[in-house]
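# Fold and geometry: a report
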Amino acid sequence: MNIKSLLEYTQSLNILYVEDNIEIAHNGKDILSHYFNSVDIAYDGEDGSQKYLNSLKQHHTSYDIVITDINMPKLNGVELSRLILRTRPEQAIVIMSGQEDSAYLMECINMGVSGFLSKPLDFKQLHMLLSRISQAIADRKFVVEHIETLKNRNSKLENKNTQLNKAIDASVLVSKSNTKGIITYANQAFIEVSGYSLDELIGNSHNIVRHSDTEDELYHDMWKTIRSKKVWRGMLKNKAKDGHDYYVDVTIVPVLNAKNRISEFLSIRYEVTNLVLATRKAQESQMAKEQFLANMSHELRTPLTAILGFSQMIMARADTPEIISNCVSKINIAGINLLTQVNTILDLSKIESGQMTYQFDNFQLKPLFEELRVILESQAKDKNISLIMPMIDKEEMHGDKLSIKQVFMNLLSNAIKFTAINTTVEISYTCNIEQKEHIFKVYDQGDGVDEKDIQTLFEPFYQGENSRINATPGTGLGLAICKRIVTDVHKGKIGVENIKNGGSCFYMTIPINS
């Protein structure tokens, strides 16, 4: 689509542009205003969500395209996109991302966003993306209007039009073929992406764009499926006329006549080349991360283990001078702390990459709380803190006992750190049968959690204000690991709230059938 044709269509479209940087937002609006009828700016994800929903409520429709940054306060671009697609699955969304946002690419791809734009804005990339999305919107509107007309003219075609509407809604490149696979129709998008003219496509089979890398078995499965009157969907690697490769997400629908026989096949293709390349890039980044962690595990753990071993040997010698023994003791303590932090970082990385293994089973809670009391008793006695455990008998829960124990160890250890001397730390437990969940709460008598920290306290490498004042510094990963274990592994919830008379309450809920 050339500039003139693009402008003729896009100048009727309305855009929501979400960017938290005011200068970038206004510069972006100036650029986008050349293409679109109106461009509304939202300065963060929450503002964007409100404007989108208000437009939907007031006008019974919303913006034609939403363009959003990823990293924003209150509600980031990924969360905003998820909210919008939940409300309106067909919404066209474009993600603007920088190099630092590569970790979000896979999640955006899985959600089904329409495309990506790199920062800083590139005019050529913008033009190509807008051409594709605008053509998709135009095709969709045309198909919907055409189907409505056919329904009004002849109700007997209603079933066929419904199938056609479903297929076309799923993609952009449209073609039809007879029962032998010979192309009888191809839309403009198919012509542009393949590089072949309409005359070159009509009368040929789809083998004209078939890539030699595609195995015969895939096509055998496809024909077997569609000839049995079932819809086939898959990913294909195609070759354009000029020889370049492109990838399409394909949906093939057998169209049935009044006698319930196949009359033709309707093929819908959505070009996903950019998404495939982005997926590969994300996979390569993940592999690099895993290799780095493997190297880190070896290069850091091995010398640390040697340092701890030799320091303990020196301290154990009776003839070691006291001044040297004291110095070596400090080295040993620092080494233990460093090894703990390294292990914590590696644990979080394993959890996020899905490499951590879990053993789900039924286990009793009473022995678990007794173990926790024994492990933490010494730490609590140092501050004359009483550990109050729940009075339970044979209550059980289903889950991974070791990871649940890790969560309690972290919450209780933090509670002891932040609680004043000569006070108490308490765990409470209830089983809500109606809500089908276990509820655990850890109460401390410290200074509470700063309100501005509550929303971000469970994020990796984040430490609340009080942790910098009242306790020894850590990695800022303990609560992040707790969150992953509770929410991702056990499908539960975890959070914190301040207590009126001082202190805080960390709570978590685990589904009974987690």
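Below: a short report on this structure. (Residues numbered from 1 in each chain as written. Predicted model: local features only at pLDDT ≥ 70, side-chain atom pairs only at ≥ 80, totals over all residues. Heavy atoms only, no water.)

## Here's the deal with helix α16 (residues 478–489)
Spanning 12 residues, α16 covers 16 Å between terminal C-alpha atoms, matching the ideal 16 Å at 1.5 Å per step. Within α16 the residues assigned to the buried category are G478, L479, A480, I481, C482, R484, I485, V486 and V489. Backbone geometry just after α16 places K491 at a positive phi near 55 degrees. (Helix = DSSP H or I, 4+ residues; strand = E, 2+ residues; numbered from the N terminus. Expected span 1.5 Å × (residues − 1). Buried < 20%, exposed > 50% of the residue type's maximum accessible area, 1.4 Å probe, protein only.)

## Considerations on helix α3 (residues 45–59)
The end-to-end C-alpha separation of α3 is 21 Å, in line with the 21 Å expected for 15 residues at 1.5 Å each. Within the span of α3, buried status applies to G45, G48, S49, Y52 and S55. Angularly, the buried residues of α3 cover 135 degrees about the axis, an arc narrow enough to put them on a single face. Among the exposed residues of α3, those pointing more than 90 degrees away from its buried face are K57 and Q58. One side-chain oxygen of the residue at the start of α3 lies 3.0 Å from the amide nitrogen of E46, identifying that residue as D44. (Arc of directions from axis to C-beta. Polar contact = N/O pair within 3.5 Å; in protein donor to acceptor, adjacent residues only side chain to side chain.)

## Concerning empty space enclosed by the protein
A full pass over the atoms with the stated rule returns one cavity of 30 Å³ or more. Roughly 30 Å³ of internal volume is contained in the largest cavity. In terms of lining, the largest cavity is formed by Y17, G28, L32, I67, M96, L117, L121 and L126. Broken down by class, the residue content of the lining of the largest cavity amounts to seven nonpolar, one polar and no charged. (1 Å grid on protein atoms, 1.4 Å probe; cavity = no way out; pocket = protein on both sides within 12 Å on 5 of 7 lines; lining within 4 Å. Points joined across faces, edges and corners; volume = space filled by probe spheres on them. Nonpolar A, V, L, I, M, F, W, Y, C, P; charged D, E, K, R; others polar.)

## As for the pattern of salt bridges
Side chains that differ in charge, positive against negative, can pair when their charged atoms come close. By the definition in use, this model includes 13 salt bridges. Two residues, R82 and E107, come together in a salt bridge whose shortest N-O distance is 2.2 Å. Of this pair, R82 sits in helix α4 (residues 77–87) while E107 sits in helix α5 (residues 102–111), placing them 25 residues apart in sequence. Three or more residues are tied together by salt bridges with common partners; here these are D213, K237, K239 and D245. (Salt bridge = Lys/Arg side-chain N within 4 Å of Asp/Glu carboxyl O.)

## Some details on the packing of α3 against α4
Axis separation between α3 and α4 bottoms out at 10 Å; the angle between their running directions is 15 degrees. By the angle between their axes, α3 is roughly parallel relative to α4. Judged by the twist between their axes, the crossing of α3 over α4 is right-handed. Across the interface between the two elements, G45, G48, S49, Y52, L53 and L56 of α3 pack against L80, L83, I84 and T87 of α4. For the contact of α3 with α4, the class distribution of residues is six nonpolar, four polar and no charged. (Axes fitted to C-alpha atoms, helices over the stretch in contact; angles between N-to-C directions. Parallel < 35°, antiparallel > 145°, perpendicular 65-115°, else oblique. Left-handed = near helix turned anticlockwise from the far one by under 90°. Contact = heavy atoms within 4.5 Å.)

## Looking at the pairing of strand β9 (residues 245–256)
Within β9, 10 of the 12 residues are buried, leaving the element largely enclosed by the surrounding structure. Direction of pairing for strand β8 (residues 232–239) relative to β9: antiparallel, over a ladder of eight bridges. Across the sheet, K239 pairs through a bridge with D245, a residue of β9. Once β8 ends, the chain turns through five residues before running back antiparallel as β9, passing G243 with a positive phi of about 100 degrees. In this sheet, strand β10 (residues 262–271) lies alongside β9 in antiparallel orientation, the contact comprising nine bridges. Across the sheet, the residue bridging to V248 is E271, located in β10. Taking the residues that link successive antiparallel strands as the turn, the β9-β10 hairpin has five residues, and the phi of N260 there is positive, at about 65 degrees. (Pairing = 2+ DSSP bridges.)

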